Amino acid sequence: MDKITIKNLEIFANHGVFPEENVLGQKFVVSAVLYTDIREAGKSDDLTKSIHYGEVSHQIKSYVENHTFQLLERVAEGLARELLLSVPRLEGIKLEIKKPWAPVGLPLETVSVEIERWKHRAYIALGSNMGDKRGYLRQAVESLNQTEGCRVEQVSDFIVTSPYGGVEQDDFLNGVLKMETILTPLELLDRLHEIEKEANRERIVRWGPRTLDLDILLYDDLVLDTSELHIPHIDMHRRDFVLQPLNQIASHVRHPVLNLTIGELWDRLKETSQQA
């Protein structure tokens, strides 16, 4: 990914653990690496095809000056979020915030915090087999799209499918959405659980009936296995109600463990079903 670098921008602001730092203020030095694709700008000489580093510099200065936090970590996290959400064409950012006069009672040149944050692409499975199924799915899409740091880019058709897991219940309505997010996988999972709760989802019977079921299928090319979350979704390649709508919007996307595209996985599953 191409990058534009803003180095050692000096800003006088009021951040620190000690009360006098919040009142008297001190100098901070900010460096930012802006990750973006500048090929179009390089070919056309058109600033609108790139990132205006002058405007971003003023935005950094305004954010750091107009907020007061105790921790450099909080300054960095908030500033990265602000820029990722507001600067067109910005895909990722590396920030270093230095504090030259850190009051530690020892001779030192500077103390700094450095973070790197990115926009991510995730695919979310949606399902419902209780009440207003279509209404629940539509509301889930809208709720995600209204979540700060999330933007729904594409939604598959909703399809009627038979229940999975052997529990007698009504047919499901299923779909998949594609989204851009700056949330981490666990933050996104927490948000999905909140949306399920808003739909009165109850987790009583495994694979039982539910008003709304939301699962993270893919998150970039991440492979994650924890007690809370598995990415890619552990059973997605075996489930027609996942692969059929996912194939509609992401047939070219490659499963990071199986190394097959969604289109290839869907074709394999159909072939297996026909032979059974």
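None of the values given here were measured: they were computed from a predicted structure.

Moving on, we come to the pairing of strand β2 (residues 26–36). Burial analysis of β2 places ten of its eleven residues in the buried class, which makes it a mostly covered element. Bridging between strand β1 (residues 2–13) and β2 involves ten bridges; their strand directions are antiparallel. From the neighbouring strand, Glu10 faces β2, where its bridge partner is Val29.

On the surface, Val104, Leu106, Leu108 and Val111 cluster together into a nonpolar patch covering about 330 Å² of accessible area. Following the sequence through the fold, Leu106 ends up in the loop between β3 (92–99) and β4 (111–118).

Helix α4 (residues 72–86) packs onto helix α3 (residues 53–66) with a crossing angle of 140 degrees between their chain directions and a minimal axis gap of 10 Å. The angle between the axes of α3 and α4 places the two elements in the oblique class. Classified by chirality, the crossing of α4 by α3 is right-handed. Here Val56, Gln59, Ile60, Tyr63 and Val64 of α3 lie close against α4, whose contacting residues are Arg74, Val75, Gly78, Leu79, Glu82, Leu83 and Ser86. Of the residues in the contact of α3 with α4, the class split is seven nonpolar, three polar and two charged.

About the cut-offs
- Residues numbered from 1 in each chain as written.
- Predicted model: local features only at pLDDT ≥ 70, side-chain atom pairs only at ≥ 80, totals over all residues.
- Heavy atoms only, no water.
- Buried < 20%, exposed > 50% of the residue type's maximum accessible area, 1.4 Å probe, protein only.
- Helix = DSSP H or I, 4+ residues; strand = E, 2+ residues; numbered from the N terminus.
- Pairing = 2+ DSSP bridges.
- Patch = residues over 30% accessible without salt bridge, like charges linked within 9 Å, V, L, I, M, F, W, Y side chains within 5 Å.
- Areas by Shrake-Rupley, 256 points an atom, 1.4 Å probe, with all protein chains shown as cover.
- Salt bridge = Lys/Arg side-chain N within 4 Å of Asp/Glu carboxyl O.
- Axes fitted to C-alpha atoms, helices over the stretch in contact; angles between N-to-C directions.
- Parallel < 35°, antiparallel > 145°, perpendicular 65-115°, else oblique.
- Left-handed = near helix turned anticlockwise from the far one by under 90°.
- Contact = heavy atoms within 4.5 Å.
- Nonpolar A, V, L, I, M, F, W, Y, C, P; charged D, E, K, R; others polar.

Function-wise, these values are silent; they only describe arrangement.
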